[in-house]
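# Descriptive analysis of the structure
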Amino acid sequence: MEVADHRYRDAFAHADTGMALLAADGTWLEANAALARLLDRPREALVGTVAHKAIFDAPAAARISAAIGAGGAAAKGAERQVLALEEAGASPRHWQLTLSPLPDAAGALTLLQVEDCSAALAAQRDQDMLAYGISHDLRAPLRSIGGFAARLADSGLAADAAAGADLARIRAAVVRAEHLIDALLELSWASRQPYRDDTVDLSLLGEWVGAELRDADPARDAEIAVAPGLQAWGDEHWLRRMLQLLFDNAWKFSSERERVEIAMDGEVSDGKLALAIRDHGSGFDMRYAGKLFQPFQRLHASEQGGGNGLGLAIARQVVDRHRGRIWAQSQPGQGSTFFVELPVAAGTTP
Amino acid sequence: MNQNEILLIEDNPDDIELTRIAFTEAGIEQRLVVVRDGAEALDYLFARGAYAGRNAREQPAIVLLDLNLPKLDGREVLQAIRSDARTRALPVVVLTTSDEPFDIEATYALGVNSYIRKPVDFEQFVAAVKQIGLYWLVLNQPRVAS
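In this report, the structure presented in the accompanying data block is examined.

Scoring rules and cut-offs
- Residues numbered from 1 in each chain as written.
- Chains lettered and ligands numbered in written order.
- Predicted model: local features only at pLDDT ≥ 70, side-chain atom pairs only at ≥ 80, totals over all residues.
- Heavy atoms only, no water.
- Helix = DSSP H or I, 4+ residues; strand = E, 2+ residues; numbered from the N terminus.
- Buried < 20%, exposed > 50% of the residue type's maximum accessible area, 1.4 Å probe, protein only.
- Contact = heavy atoms within 4.5 Å.
- Areas by Shrake-Rupley, 256 points an atom, 1.4 Å probe, with all protein chains shown as cover.
- Phe/Tyr/Trp six-rings, centres within 6.5 Å; stacked < 30°, edge-to-face > 60°.
- Lys NZ or Arg CZ within 6 Å of the ring centre and 35° of its normal.
- Patch = residues over 30% accessible without salt bridge, like charges linked within 9 Å, V, L, I, M, F, W, Y side chains within 5 Å.
- Salt bridge = Lys/Arg side-chain N within 4 Å of Asp/Glu carboxyl O.
- Axes fitted to C-alpha atoms, helices over the stretch in contact; angles between N-to-C directions.
- Left-handed = near helix turned anticlockwise from the far one by under 90°.
- Nonpolar A, V, L, I, M, F, W, Y, C, P; charged D, E, K, R; others polar.
- 1 Å grid on protein atoms, 1.4 Å probe; cavity = no way out; pocket = protein on both sides within 12 Å on 5 of 7 lines; lining within 4 Å.
- Points joined across faces, edges and corners; volume = space filled by probe spheres on them.
- Buried area = accessible area lost by both parts, 1.4 Å probe.
- Lys, Arg positive; Asp, Glu negative; His and termini not counted.
- Charge placed at Lys NZ, Arg CZ, Asp CG, Glu CD.

Turning our eyes to something else, we now look at the overall build of chain A. Looking only at helices and strands, chain A has 11 helices and 12 strands in total. Out of the 350 residues belonging to chain A, those deemed buried represent 42%. For chain A, contacts bridging at least 24 residues in sequence account for 57% of all contacts bridging at least 6. When the accessible surface of chain A is summed, it comes to about 18,600 Å², and 53% of that surface belongs to carbon and sulfur atoms.

Here it is, written out as structure tokens:
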């Protein structure tokens, strides 16, 4: 192959990503040092051969061969193809292969990039098992504590006021701990579950979430205004949940106001929706704005409406999964505005 | 079908005790038979091993199944129940701590009749047990054994 400029040749040779150049017949024309390290083979053993046939098992090698060459992705004009391969063995390795036909070479050359994602997958698996363990094993002792405290309260043995109050504290703590487990699991699901892709009517969801808040506290004077026609692209369940968490916050931190005022509107530009949810609640000090969306970073004590410290972290996770952005502006005593940017259609990324 | 018997498959002694109390408080009078792991549950249902003397035609009115069990776990127990003619029609209610979407999905795929997450709060737990009893032991019309 001809690389006109030696600087590009150097960049290829010294890149930290494992890379190889493949001819249409599958022969590896070049391989860099990072790839040799990754595959644990000398460069000389890779170059000049159809190396993927020696490295991966037959079906995996066949998939690579199918993606390159005359009938492969390059000929069909596909931009790139990502293959996930699993290698058998005592500690199996997981590869992510990206095959990109080089446009100038008219399908004759394919750039292969190889990443070892074994560690990332193992970490993901550990996280899944941890979430699973939490949901099973941590709830069981909580149920014992709460259940037997309830029995003790009913038995009459704790008849004096102090003992009764102690038991009430134990049971309230159990309920708090359960909500915390629920929120932790929700945060974990928000990051793990596959999301659906569809056009989502955010105005409808906003009205719905607002109506739920009103129903939960009908005596409260509240004005919730949702602009019509706001649409985004994404997962309806999780976008609804995000709105619920933001509206819930707005409602909670308006407790010192005579009436709750929440307004949601938005505008579309460049294929993205910029959503704004305003309240006239207690607000927060912008010095701490960076902590807002981090788990367990509360800006308010529980008496001021502070929750379990996970609500906005869940909202951020949902927005991240939509490849969007979320941030807030506030002035203490003046209320807060939460901004969310979301794609409006498939393929548009804020 | 033995309408006077409920089979509880549960390994946690605290949960067994709380379930017993909840059934009493809910006014459910059926006898609660407790087995401590999946293997014992199948021995009981199929009248073998320690339960060889039992009449396997007399099946409980309802089976309450925990998912995380020693030896055979809840899913394997459910699978065995659904693949044997003697127990195929048995109402099985999963009563568990997990609300992982994965667990719920997998358990329904195996043919569970109902999936209930045990509430941590004891009063809610009693209320849940009461409803299970009312539905499965009073309202539900079981299949007539052939």
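Residues and elements named next belong to chain A. Of the positions making up helix H11 (residues 311-321), those classed as buried are Leu 312, Ala 313, Ile 314, Ala 315, Gln 317, Val 318 and Val 319. At its buried positions, H11 is contacted by helix H8 (161-192), helix H10 (236-252), strand E11 (325-331) and strand E12 (335-343). Looking one or two residues beyond H11, the residue adopting positive phi is Arg 323, at roughly 55°.

In total, this model carries five aromatic pairs over all chains according to the counting rule given. Relative to Phe339(A), the ring of Trp327(A) lies with its centre 5.3 Å away and its plane at 20°, an arrangement referred to as stacked. Here Trp327(A) is found in strand E11, whereas its partner Phe339(A) is found in strand E12, with 12 residues between them in sequence. Judged by its relative accessible area of 28%, Trp327(A) falls in the partly exposed class. Judged by centre distance (5.0 Å) and plane angle (80°), the ring pair of Tyr44(B) and Tyr51(B) falls under edge-to-face. Judged by its relative accessible area of 5%, Tyr44(B) is buried. The ring of Tyr195(A) carries Arg321(A) above its face, with NZ or CZ at 4.0 Å from the centroid. Directly above the aromatic system of Trp327(A) lies the positively charged group of Arg325(A), at a separation of 4.7 Å from the ring centroid.

On the surface, Leu134(B), Tyr135(B), Val138(B) and Leu139(B) cluster together to form a nonpolar patch covering roughly 420 Å² of accessible area. Residue placement: Leu134(B) occurs in helix H5 (residues 122-139).

Time to look at the packing of H10(A) against H11(A). Residues and elements named next belong to chain A. At a minimum axis separation of 9 Å, H10 and H11 run at an interaxial angle of 145°. H11 is crossed by H10, and the crossing has left-handed handedness. From H10, Trp 238, Leu 239, Met 242, Leu 245, Leu 246 and Asn 249 reach across to H11, where they touch Gly 311, Leu 312, Ile 314, Ala 315, Val 318 and Val 319. The residue makeup of the contact of H10 with H11, split by class, is 10 nonpolar, two polar and no charged.

Scanning all chains against the criterion turns up one cavity of 30 Å³ or more. The space that makes up the largest cavity amounts to roughly 40 Å³. Residue lining of the largest cavity: Gly146(A), Arg171(A), Val174(A), Val175(A), Val120(B), Asp121(B) and Phe122(B), and that is the complete set. Here the lining of the largest cavity gets three residues from one element, more than from any other, and that element is H8(A). The residue makeup of the lining of the largest cavity, split by class, is four nonpolar, one polar and two charged.

In this complex, chain A contributes 24 residues to the contact, which on the side of chain B involves 23 residues. At the boundary of chain A with chain B, total buried surface from both sides reaches about 2,000 Å², with 52% on carbon and sulfur atoms. Ranking the residues of chain A by area buried against chain B places Tyr132(A), His136(A) and Arg143(A) at the top, with a combined share of 33%. Asp182(A) is paired through a salt bridge with Arg117(B); the nearest N and O atoms lie 3.3 Å apart. Among the elements that make up the side of chain A that touches chain B, the one with the highest residue count is helix H7 (residues 118-155) of chain A (16 residues).

A few words on a negative patch on the surface. Together, Asp197(A), Asp198(A), Asp201(A) and Glu236(A) make up a negatively charged patch on the protein surface. Position of Asp197(A) relative to the elements: it lies in the loop between H8 and strand E6 (198-201).

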